[in-house]
Amino acid sequence: MVRLRVVLVSVVLTLLIFAPVFGQELEAPVEEDAADRPTVGFIFNTSNLLLDIDAYQGGFGAKFRYPESALRALVTLGYASTNSNLEVGAGVTYERPFFTGRVVPYWGLLAAAVVQGERVEVDEDNYTQTRVITGSAGAVLGAEVFIFDFLSVFGEYQLAFDVAHTAISQSVDGTVTDSSSTNYAFGAGLGNNASIGLVVYLRPLGILEAESAEE
Amino acid sequence: MRFSRGPIRNSLVQLSRLFALIATALLALSLSGCRWLLSNSGPIPVVVAAESLGLAWDSNESQLPDQPSSVDHYNVYYRPHGTADWRFLHATEDDTAGTTIVSSELDFGSYEFAVEVVYRDGTTSARHGSSDFSAWPTGGWYVVWQAP
């Protein structure tokens, strides 16, 4: 793992140092008729500046960048047979930039829902079954910084309202007890799971090229 | 870099409208009492009928090993459900993110638990309690501990 991280950091540093030298060879030409089509990118999370890449909020993330807006989509899916832990979730964030350039500050709206289930079983008469449904809605305020035309990092604040409905079914020696509770939380804080987001675009956006031309 | 005031002003207007909408919705939610939402709220009880119970939590281990900010051990606290003051229960022997509580150190009853990280430089983190919204199961829980 450490070796992988070292290799990754080396590759990123090499790109950062030498990209200006052979940037033309690295970057594919920007298509003229592609202005209205969304540019698709994959989103990753990094927990620190060593770019230790992790899944985007524990799932698969994609970004669709349009000329005047962007859409982030998140899908989580997981299952573990040891405790029958199942997690299915989906979320979407709509972004509107204040202006575009190498630094793109933006605001946006988010909505997400996650369903989680878990069953811890000693035997058929002794088990605990948990089901949680969580919904989130709110607003984000953040900035995306382009390192290259195809690579950016972003961080954001979040003002979100979360509602969680939890239901637990417990059986002790065959006596089953059901209980449920609904709670909510509202507040501002770091969004994006309090980590840095990394977007790898599948097509160069031409933002840095346009900026260089203006200068 | 392009810098246009028009789009920024429009965005700020939209942003302020959005926050006004959210604030209005929350105010309406609070004033209405939102009975369907709050009728059955609070930490959920988890029944344990055993001589011991296990607690586990997510580790917040430093990415770089052997740093002052690395986890040395955890302090475990408890409080009877419905009370405010935390009482120290025990410290874990190492940085393992879990512990076992036996009935000889704590009487059977209803309890909430909390953990705090003790870092190698001696500083501690904020306590994270079982009744916090971000606990698992989400929304918080407390243990109803009974004799087997």
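Residues numbered from 1 in each chain as written. Chains lettered and ligands numbered in written order. Predicted model: local features only at pLDDT ≥ 70, side-chain atom pairs only at ≥ 80, totals over all residues. Heavy atoms only, no water.

What follows deals with the overall build of chain B. The helix and strand inventory of chain B stands at two helices and eight strands. Start at the N end of chain B and walk to the C end: the helices and strands fall as α-α-β-β-β-β-β-β-β-β. Looking at the 148 residues of chain B, the share that counts as buried comes to 35%. (Helix = DSSP H or I, 4+ residues; strand = E, 2+ residues; numbered from the N terminus. Buried < 20%, exposed > 50% of the residue type's maximum accessible area, 1.4 Å probe, protein only.)

In the structure shown here, the tally under the stated rule is ten aromatic pairs over all chains. Measuring from centroid to centroid gives 5.1 Å for B:F108 and B:W145, while their planes differ by 80 degrees, and the two rings are edge-to-face. Of the two residues, B:F108 is situated in the loop between β5 (98-102) and β6 (109-119) and B:W145 in strand β8 (residues 141-146); the sequence distance between them amounts to 37 residues. Exposure remark for B:F108: the relative accessible area of 34% places this residue in the partly exposed category. On the basis of relative accessible area, B:W145 is assigned to the buried category, the value being 2%. Chaining the aromatic ring pairs together yields one cluster made of A:F161, A:Y184 and A:F186. (Phe/Tyr/Trp six-rings, centres within 6.5 Å; stacked < 30°, edge-to-face > 60°.)

What follows covers a nonpolar patch on the surface. All names here are of chain A. A cluster of nonpolar residues, L77, Y79, L86, V88, V115 and I133, forms a patch on the protein surface that exposes about 610 Å² of accessible area. Among the secondary structure elements, those contributing two or more residues to the nonpolar patch are β4 (70-80) and β5 (85-97). Position of Y79 relative to the elements: it lies in strand β4. (Patch = residues over 30% accessible without salt bridge, like charges linked within 9 Å, V, L, I, M, F, W, Y side chains within 5 Å. Areas by Shrake-Rupley, 256 points an atom, 1.4 Å probe, with all protein chains shown as cover. Salt bridge = Lys/Arg side-chain N within 4 Å of Asp/Glu carboxyl O.)

Residue and element names in this part refer to chain A. Counting through the fold element by element, N126 comes out in strand β7 (residues 126-148). Take N126: its relative accessible area is 19%, and that puts it in the buried class. Within the local environment of N126, its side chain forms a polar contact with the backbone nitrogen of D173, the two atoms lying 2.8 Å apart. (Polar contact = N/O pair within 3.5 Å; in protein donor to acceptor, adjacent residues only side chain to side chain.)

Residues and elements named next belong to chain B. Examined bridge by bridge, strand β3 (residues 71-80) and strand β4 (residues 87-91) share four bridges and lie antiparallel to one another. Bridged to Y78 within β4 is R87. Hairpin connection of β3 to β4: six residues between the antiparallel strands, including G82 at a positive phi of 95 degrees. (Pairing = 2+ DSSP bridges.)

All names here are of chain B. Mapping W57 onto the fold places it in the loop between β2 (52-56) and β3. Since its relative accessible area comes to 15%, W57 is described here as buried. As for W57 and T83, which are separated by 26 residues in sequence, their C-alpha atoms are 22 Å apart. Not counting chain neighbours up to four residues away, the residues in contact with W57 comprise Y74, V76, T92, T96, A97, G98, T99 and V115. (Contact = heavy atoms within 4.5 Å.)

All names here are of chain B. Mean pLDDT over chain B works out to 83, with 77% of the residues at or above the 70 mark. Across chain B, β4 holds the top mean pLDDT of 96, while helix α2 (residues 35-38) sits lowest at 57. Here the predicted complex carries an ipTM of 0.71, next to a pTM of 0.73. (pLDDT = per-residue confidence, 0-100.)

Time to look at unusual backbone geometry. Of note, the amide linkage connecting B:W136 to B:P137 takes the cis form, showing an omega dihedral of 0 degrees. Following the sequence through the fold, B:P137 ends up in the loop between β7 (128-129) and β8. The backbone of A:D173 sits at a positive phi, close to 50 degrees, despite the residue not being glycine. Checked against the element boundaries, A:D173 lands in the loop between β8 (151-172) and β9 (175-190). On the basis of relative accessibility, which here comes to 63%, the residue A:D173 falls in the exposed class.

To continue, consider the environment of B:D58. When you line up the elements, B:D58 lands in the loop between β2 and β3. Here B:D58 falls in the exposed class, since its relative accessible area comes to 74%.

Residues and elements named next belong to chain A. The final tally for this structure, using the stated rule, is eight salt bridges over all chains. Of the charged contacts, one joins R65 and E144 as a salt bridge, the two residues approaching to 2.5 Å between their closest N and O atoms. Here R65, found in strand β3 (residues 60-65), pairs with E144, found in strand β7; they are 79 residues apart in sequence, far enough to count as distant. By relative accessible area, R65 is classed as buried at 8%. Residues R72 and E156 are paired through a salt bridge, measuring 2.8 Å at the closest nitrogen-oxygen approach. Of this pair, R72 sits in strand β4 while E156 sits in strand β8; the two residues are 84 residues apart in sequence, bridging distant segments of the chain. A relative accessible area of 2% means that R72 is categorised as buried. Look at E156 and you get buried, because its relative accessible area is 5%.

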